[in-house]
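Fold and contact review
One letter stands for each residue in the lines below.
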Amino acid sequence: MNSNQSSVMDLPVLSLALAYVFVLVLLVIFRSRGIRRERQILIATTRMTIQLTVMGYILMYVFQNPSWWLTLIMLLIMLGFAIFNAQKRVKLPLSRPLRRLMGLSMLCGYLCTALIFLLLVLRIRPWFNPQYCIPVSGMIIGNAMTGISLGANKLCNGMKEQRPKIENSLMLGASPAAAAKEIVNDAFDSAILPTMNNMLTMGIVSLPGMMTGQILSGTFPLTAIKYQIGIMLAILGCTAITVVLFVTLGYKTFFTSGAALKLEETV
Amino acid sequence: MFTITGLKYRSILDIQSLTIDRPVSCITGPSGSGKTTLLRCLNRLCEPDEGVILYNGMDIARTDPVMLRRQIVMLGQSPVLYDGTIGDNLQIGLRFAQKPAASRDRLLEVLAGVGLQKSPDEECQTLSGGERQRLCLARVLLMDAKVYLLDEPSSALDKETERFVIENLASFVRGRGKELILVTHSPEVAGMYPGAQIRLSGGRTEGYGDEQ
C-alpha cells in the first residue's frame, strides 16, 4: 500500500532530540510555579523513550523474522498486560471470580474480533503476519481494556451503592437478573459510550492516530480511511463482546447460589 | 406456618425450637436481638449456618428461593422507592414476581387500605417518610402473597395512622386466610396482639409469649 507514494522521510535522531525541548518548557513551568512534579515528568519522559525504543527493536526483529510463535507471544504479552491494567484501574476491590471473568471476557472478545477482522475482513496471509496482526490487535485490545475497566467500575459501584434497592427487589420476588438489570445495563452503556462518542467526532475534530500514521508513511488518504473505518468497527465489536460477556456474567458473582446478595465483606 | 429447629446464624441467631402458626405474629425484642435476621432467614435472604426451617412441612432450603419469595413476601425496614409514579411503584412488585398488572381500581383500593389518599399518577419525590413507608406497604399487599414478613411497617407513622394501618392489615390477612409476621418496636402494635408475641433476646427465643 505504500508503493505508490514517496516513502516517509526518515527522522534523524538529532532532529528528534530537539523535540525534547517541550519537556524543558514543562520543567521550567513546574519550577517557576513551584509545582513539585519535576521527578515525575523526567521519569515519564525517560520511560516513554526507553519503552518505545525497545518496542521498536522488538518489532524490527519480529517483522524481519515472521513466525507464528513470535506473533503469538507478542499477542499474549499484550493481552496479559491489558488484563492486568484493566483490573488495576478498578477502584473497588475485585473478587477473584470477577478478576478471572475480566480476563476471560477480554480473551473471548479479542479472539472473536480478531478472527473476523484479521482473517475475513483484512484477509491477512499468513494469519500471523506481524505487520498487520500486532498493531491492529494492539488497538483492539487497548480499547477493550478501557471499556471493560469502565464497565467494571460501574458494575462494582452500582452493586455496592444500590444494595438496598437490589435487596428490596429480591424481597419482592425478583430474580437476581431482574434485580440487577438496571445496573448491568448502565455498566454496559458506560463502557460503550466513549467509543461511540469517539466515532461521532472522528474525521471532524480528530484524525485518528492510525490513519495519521498511514498518511505520514505515504498511504493514500482514501486507503487510510478504509483501514480506519474497519478498525473503528472492530474496536466497537471487541469492546461490545468483551463488556457484554463481563457484565452479564459478572453480576452473578455478587449473588449466592440461594439468589441472595452476598455479604459485603465476602464480595 | 413455620417450624424452626436448631437455627444458627453467625453469632446473631441461636433458636433451638420455634413454631410460628398464628395468622398474626409479632416479633419483639431489643435492638440487635436478631429480629430482622430471623425474618430474612424465613425467605432465604440469609442462609442459616445450621438448622432447618420448614414452611408448611417443606424445607425452605430445598425450594427455589425466587419462587419462595413470591409466596413469602418481605417488606424491609427502610422504604425503597423506584423511579416513576406511585402507580409504577405499586406495580413493580407484581412485575418482579411475573404476575399480571393490577387494575387502577385495585391500586386505589390498596392505597386507601394504608390510608394514602394519593393518585397513582403522582410522582413519588414529594412523599414524606411516613407516606413512603405506606406506599411500600401497599406495594407488598398488592402482591397477594401467602405470607407477609413486615419489618417495622409502622415505624414512621403517628399513633393514629399506625393503628389504622395495622388494623387494616390484620383484617386483610384474616379475611383472606394469609399469615402475617411483623417485627415491631411499638408497644401499641405489640399490645394489639397480646397472645401472638415472640420475644427475641440475644438471638434466643422460646416461642409465643402466652406459652411461657
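Heads up: these notes are all about the structure in this document. For clarity, every value in this text was computed on a predicted model and none was experimentally measured.

What follows deals with the overall build of chain A. Secondary structure assignment for chain A yields 10 helices and zero strands. Seen in sequence order, chain A has helices and strands lined up from the N terminus as α-α-α-α-α-α-α-α-α-α. Principal axes of the C-alpha set define a box for chain A whose edges measure 70 × 55 × 40 Å. Of all 267 residues assigned to chain A, the portion counted as buried reaches 39%. For chain A, the proportion of contacts with a sequence separation of at least 24, taken over those separated by at least 6, is 74%. Carbon and sulfur atoms form 68% of the exposed surface of chain A, whose accessible area is close to 15,600 Å². If you average the places of the 22 positive and of the 9 negative side-chain charges in chain A, the two averages end up 9 Å apart.

Here we come to a negative patch on the surface. Together, E182, D186 and D189 of chain A together with D83 of chain B make up a negatively charged patch on the protein surface. Residue placement: E182 of chain A occurs in helix α8 (residues 176–201).

On to the packing of helix α2 (residues 21–33) of chain A against helix α3 (residues 38–64) of chain A. All names here are of chain A. Orientation of α2 relative to α3, taken along the N-to-C sense of each, is 165°, at an axis distance of 10 Å. When the axis of α2 is compared with that of α3, the two are roughly antiparallel. The hand of the α2/α3 crossing is right-handed. Facing V23, L26, L27, F30 and R31 of α2, the residues of α3 in contact are E38, I41, L42 and T45. Residue composition of the contact of α2 with α3, grouped by class: six nonpolar, one polar and two charged.

Here we come to unusual backbone geometry. All names here are of chain A. Between R125 and P126 the backbone carries a cis peptide bond, its omega angle lying at -10°. For P126, the position within the fold is in the loop between α5 (96–121) and α6 (130–161). Even without being glycine, R123 reaches a positive phi, approximately 50°. On the secondary structure map, R123 appears in the loop between α5 and α6. Residue class for R123 comes out exposed when judged on its relative accessible area of 55%.

Each side of the interface is counted separately: chain B has 25 residues, and chain A has 19 residues. In total, chain B and chain A occlude about 1,700 Å² of area from one another, counting both sides; carbon and sulfur atoms represent 57% of this. On the chain B side of the interface with chain A, the three residues burying the most area are L45, R69 and F96 of chain B, jointly 31% of the side's total. Between the two partners, chain B and chain A, sit one salt bridge. Ionic pairing is found between R40 of chain B and E167 of chain A, a salt bridge with its closest N-O pair at 3.0 Å. Seen at the junction of chain B and chain A, the total is seven residue pairs in polar contact (both at pLDDT 80 or more). It is helix α2 (residues 65–71) of chain B that provides the largest number of residues to the side of chain B that touches chain A, a total of four residues. In terms of residue class, the side of chain B that touches chain A is made up of 14 nonpolar, three polar and eight charged.

Cut-offs and rules
- Per chain, residues are indexed from 1 in the order of the written sequence.
- Chain labels run from A onward and ligand labels from 1 onward, assigned in the order the entries are written.
- Under the rules for a predicted model, residues below a pLDDT of 70 receive no local features and side-chain atom pairs below 80 are neither given nor counted, while totals for whole chains, interfaces and linings still include all residues.
- In computing side-chain values, all of the structure's heavy atoms are included and hydrogens and water are not.
- Numbering of helices and strands starts at the N terminus; helices are DSSP runs of H or I of at least 4 residues and strands are runs of E of at least 2.
- Residue burial is assigned from relative accessible area. The probe radius is 1.4 Å, only protein chains are included, and a residue is buried under 20% of its type maximum, exposed over 50%, and partly exposed in between.
- What makes two residues a contact is simply this: any of their non-hydrogen atoms within 4.5 Å.
- Methods summary: accessible areas were calculated by the Shrake-Rupley approach with a probe of 1.4 Å, and residue burial reflects only the protein chains presented.
- Neither His nor the chain ends contribute to the count of charged residues, in which Lys and Arg are positive and Asp and Glu negative.
- A charge is said to be at NZ when it belongs to Lys, at CZ for Arg, at CG for Asp and at CD for Glu.
- Residues enter patches when their relative accessible area tops 30% and they take part in no salt bridge; the joining distance is 9 Å for like charges and 5 Å for the nonpolar side chains Val, Leu, Ile, Met, Phe, Trp and Tyr.
- Any carboxyl oxygen of Asp or Glu that lies within 4 Å of a side-chain nitrogen of Lys or Arg is treated as forming a salt bridge with it.
- To define axes, lines are fitted to C-alpha atoms, for helices over the stretch in contact only, and angles between the resulting N-to-C directions are given on a 0 to 180 degree scale.
- Orientation categories follow fixed angle ranges, with anything under 35 degrees roughly parallel, anything over 145 roughly antiparallel, 65 to 115 roughly perpendicular, and all other angles oblique.
- For a crossing to be left-handed, the near helix must be turned anticlockwise from the far one by less than a right angle; the clockwise case is right-handed.
- For this scheme, ten residues count as nonpolar: Ala, Val, Leu, Ile, Met, Phe, Trp, Tyr, Cys and Pro. Four count as charged, namely Asp, Glu, Lys and Arg, and the remainder, Gly too, count as polar.
- Buried area: the accessible surface (1.4 Å probe) lost by two parts on joining, summed over both.
- Two N or O atoms count as a polar contact when they lie within 3.5 Å, although within protein this holds only if one can serve as hydrogen donor and the other as acceptor, and sequence-adjacent residues are included solely when both atoms are side-chain atoms.

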